[in-house]
Amino acid sequence: MVPNIFSAGLDITEFYQKKPEETDAFWRTLQDVFLRLYGSKLVTIAAISGHSPAGGCLLAMACDYRVMATGKYTIGLNETLLGIIAPFWFIETMKNTIGHRETEKSLQLGKLYSPEQAENIGLVDQICPPDDVLGCARKEMVKWLKIPDHARILTKQLMRNELINNLSSKRKEDIYNFTSFVQKDSIQRSLGLYLESLKKKKS
Ligand SMILES: CC/C=C\CCC/C=C/C(=O)SCCNC(=O)CCNC(=O)[C@H](O)C(C)(C)COP(=O)(O)OP(=O)(O)OC[C@H]1O[C@@H](n2cnc3c(N)ncnc32)[C@H](O)[C@@H]1OP(=O)(O)O
């Protein structure tokens, strides 16, 4: 685990000033990761040890349960703040987690929630002191593992298959949409400025 960061989201340098075929391959890999994690038969618990913006929030939402560290960390789909948009499967995953209305506000504002706010809206299920996040996740795992596997897995599939099938049937179209969007000059400029702002914040 990296201290203070669960995931900084997608590595923007993977789709900034890249060739279309590289961007396609990057997005295909992300689809694979998401489909495998969201559709996993295993119990998956995210121990969110720190910041979890955008793609990091997506990965956490793809799990069955989320424990987040208390502290000055944030989680959410902040894409609009970068001048980009969350694709339909990010949106559907968030709707399945926190409901339609909260998702609508959250996405349009690019809202990043504190751990307490995230717990209040159900974006995370539990908050714990940073040094106990893994311990809390392990305790929760014990509960989930007591449920008969076949019943838990079939229930999970009933809840998640609609989104999995929808994305699976639209993968090519979704890759095309991503690459043609991020390759636009205006989007490349926004991404460049955002990367610059991250570097400036540091110095
Ligand atoms: C049709 C569909 C179209 C588009 C869909 C696209 C969906 C996109 C999803 C995404 O996930 S986009 C990425 C969103 N992520 C962010 O906005 C997070 C940005 N990062 C931060 O806010 C912070 O880095 C932090 C995670 C809060 C950690 O802060 P800290 O102070 O600890 O680190 P620092 O900011 O100094 O960063 C270190 C280093 O890393 C670079 N960096 C950070 N995040 C990213 C990133 N997501 N991609 C690429 N690079 C990143 C940062 O510039 C620093 O670089 P340096 O060491 O070379 O200066």
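Being a predicted model, the structure only gives us computed values, none of them experimental.

Focus: the packing of aromatic side chains
The description of an aromatic ring pair uses the distance of the two centres, along with the angle that the planes make with each other.
Okay, step 1: Applying the stated criterion across every chain yields a total of nine aromatic pairs.
Okay, step 2: Relative to Trp89, the ring of Phe34 has its centre 5.1 Å away and its plane inclined at 50 degrees; by these criteria the two rings are tilted. Here Trp89 lies in helix H3 (residues 88–98) and Phe34 lies in helix H1 (residues 20–38), a separation of 55 residues in the sequence.
Okay, step 3: In this structure an aromatic cluster arises from ring pairing among Phe15, Phe26, Trp27, Phe34, Tyr38, Trp89, Phe90 and Phe178.
Okay, step 4: Over the ring of Phe88 we find Lys170, and its NZ or CZ is 5.3 Å from the ring centre.

Concerning the pairing of strand S3 (residues 50–53)
Okay, step 1: Bridge count for strand S1 (residues 4–5) against S3 is two bridges, and the pairing is parallel. Bridging across to S3, Ile5 finds its partner in His51.
Okay, step 2: Judged from the two bridges that link them, S3 and strand S5 (residues 75–76) form a sheet pairing that is parallel. Note on S5: the bridge partner recorded for Pro53 is Gly76.

Re H3
Okay, step 1: Listing the buried residues of H3 in full gives Trp89, Phe90, Thr93, Met94 and Ile98. Buried residues of H3, viewed axially, fall in a sector of 150 degrees; they line one side.
Okay, step 2: Check the buried side of H3 and you find it contacts H1, helix H2 (55–61), helix H4 (100–109), helix H5 (115–121), helix H7 (149–169) and helix H8 (171–182).
Okay, step 3: Following H3 by one or two positions, Gly99 adopts a phi angle in the positive range, close to 95 degrees.

Structural notes on the confidence of the model for the chain
Okay, step 1: Summary statistics for the chain give a mean pLDDT of 97 and a share of 99% for residues scoring 70 or more.
Okay, step 2: Predicted complex metrics record ipTM = 0.96 and pTM = 0.97.

Examining the packing of H1 against H8
Okay, step 1: In contact at an axis separation of 9 Å, H1 and H8 are set at 130 degrees when each is read in the N-to-C sense. In terms of orientation, H1 and H8 fall into the oblique class. Crossing geometry of H1 relative to H8 is assigned as right-handed. Each of Pro20, Thr23, Asp24, Phe26, Trp27, Arg28, Gln31, Asp32 and Leu35 in H1 lies in contact with H8, whose residues at this interface are Arg171, Asp174, Ile175, Phe178, Thr179 and Val182.
Okay, step 2: Tallied by class, residues from the contact of H1 with H8 come to seven nonpolar, three polar and five charged.

As for the sheet that holds strand S6 (residues 126–128)
Okay, step 1: The parallel open sheet is built from three strands, whose spatial order is S2-S4-S6. The strands lining the two open edges of the sheet, one partner per strand, are strand S2 (45–48) and S6. The sheet shows a mean angle of 20 degrees between the axes of neighbouring strands, direction not considered.
Okay, step 2: Sheet analysis places strand S4 (residues 65–69) next to S6, joined by three bridges and oriented parallel. Residue Met68 lies in a different strand from S6, and its bridge partner there is Ile127.

Re the pattern of salt bridges
Okay, step 1: Summed over the entire model, instances satisfying the criterion amount to eight salt bridges.
Okay, step 2: For the salt bridge of Asp64 with Lys156, the shortest nitrogen-to-oxygen distance reads 2.9 Å. One end of the pair, Asp64, is in the loop between H2 and S4; the other, Lys156, is in helix H7, with 92 residues separating them in the sequence. Lys156 matches Asp64 in its accessibility class, with the two residues each being buried.
Okay, step 3: The partner of Glu140 in a salt bridge is Lys143, with the nearest N and O atoms 3.2 Å apart. Of the two residues, Glu140 and Lys143 both sit in helix H6 (residues 133–145), three residues apart, roughly one turn of that helix.
Okay, step 4: For Glu140, a relative accessible area of 7% puts it in the buried group.
Okay, step 5: Look at Lys143 and you get exposed, because its relative accessible area is 53%.
Okay, step 6: Residues participating in the shared-partner salt-bridge network are Asp64, Lys156 and Arg160.

Definitions and cut-offs
- Residues numbered from 1 in each chain as written.
- Predicted model: local features only at pLDDT ≥ 70, side-chain atom pairs only at ≥ 80, totals over all residues.
- Heavy atoms only, no water.
- Phe/Tyr/Trp six-rings, centres within 6.5 Å; stacked < 30°, edge-to-face > 60°.
- Helix = DSSP H or I, 4+ residues; strand = E, 2+ residues; numbered from the N terminus.
- Lys NZ or Arg CZ within 6 Å of the ring centre and 35° of its normal.
- Pairing = 2+ DSSP bridges.
- Buried < 20%, exposed > 50% of the residue type's maximum accessible area, 1.4 Å probe, protein only.
- Arc of directions from axis to C-beta.
- Contact = heavy atoms within 4.5 Å.
- pLDDT = per-residue confidence, 0-100.
- Axes fitted to C-alpha atoms, helices over the stretch in contact; angles between N-to-C directions.
- Parallel < 35°, antiparallel > 145°, perpendicular 65-115°, else oblique.
- Left-handed = near helix turned anticlockwise from the far one by under 90°.
- Nonpolar A, V, L, I, M, F, W, Y, C, P; charged D, E, K, R; others polar.
- Salt bridge = Lys/Arg side-chain N within 4 Å of Asp/Glu carboxyl O.

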